[in-house]
Amino acid sequence: MKKMICIVLLFFETHTIVNAQSWLTDFEKAKSSAKVTSKKIVLVFQGSDWCAPCIKLDKDIWDTEVFKAYSKDHSVMLKAYFPKRSKNALAKEQQEHNGKLAETYNKNGCFPFVVVLDENGKVLGSTGYKKRHLQNILRF
């Protein structure tokens, strides 16, 4: 019975990841989803409450209907937040997770910074906020 419950829960978790385009914050879940769906991972390093270009990137790219429609079929979206305001502080575990991602994929500490990865975490391309460059590496 426990095994069946675990299988059902795993199915619903995978189904949700596969069918609902939302921003993930866990790299292992993003890699797992990318493997299941054969999609690329779009990792975004963002200063969500202090970085004006990050906020502009949200408005000009991530929040557009064109990108949402494209990403639903082509990308697993992964965001590494680095807020500065205490009211937006992340749990310590998430801060450490994001720090490890930055050590691996954003050594220069650029914000915003977008990295396109394969399902194993291999870098396929990266950019700051350059709309045309984003469109080229993401092909939307």
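In this report, we go over the structure that sits alongside the text.

Calculation rules
- Residues numbered from 1 in each chain as written.
- Predicted model: local features only at pLDDT ≥ 70, side-chain atom pairs only at ≥ 80, totals over all residues.
- Heavy atoms only, no water.
- Buried < 20%, exposed > 50% of the residue type's maximum accessible area, 1.4 Å probe, protein only.
- Helix = DSSP H or I, 4+ residues; strand = E, 2+ residues; numbered from the N terminus.
- Pairing = 2+ DSSP bridges.
- Axes fitted to C-alpha atoms, helices over the stretch in contact; angles between N-to-C directions.
- Contact = heavy atoms within 4.5 Å.
- Disulfide = S-S within 2.5 Å.

1. Thoughts on the pairing of strand S1 (residues 40–46)
1) Next: Most of S1 sits inside the fold, with 6 of its 7 residues counted as buried.
2) Next: Examined bridge by bridge, S1 and strand S2 (residues 75–81) share 7 bridges and lie parallel to one another. When the sheet's bridge partners are listed, lysine 40 is paired in S2 with serine 75.
3) Next: Pairing geometry for S1 and strand S3 (residues 113–117), over 5 bridges, is antiparallel. What sits directly across from valine 44, in S3, is valine 114.

2. Let's talk about the sheet that holds S3
1) Next: A sheet is described by the order of its strands in space; here 4 strands give the open sequence S2-S1-S3-S4, paired in mixed fashion. Every other strand in the sheet has two partners, leaving S2 and strand S4 (123–127) as the edge strands with one partner each. Strand-to-strand twist of the sheet, defined as the mean angle between neighbouring strand axes without regard to direction, takes the value 20°.
2) Next: As judged from the 4 bridges shared by S3 and S4, these two strands associate in the antiparallel manner. What sits directly across from valine 115, in S4, is serine 126.
3) Next: The strands that helix H2 (residues 27–37) touches are S1, S2 and S3; relative to S2, the one it contacts most, it runs at about 170°.
4) Next: Across the sheet, helix H3 (residues 52–62) is in contact with S1, S2 and S3; its angle to S1 comes to roughly 145°.

3. Observations concerning the state of the cysteines
1) Next: Counting across every chain of the model gives 1 disulfide.
2) Next: Note that cysteine 51 is cross-linked by a disulfide to cysteine 54, the S-S spacing being 2.4 Å. Sign of the S-S torsion, about 75° for the bond between cysteine 51 and cysteine 54, identifies this disulfide as right-handed. Each member of the pair, cysteine 51 as well as cysteine 54, is classed as buried.

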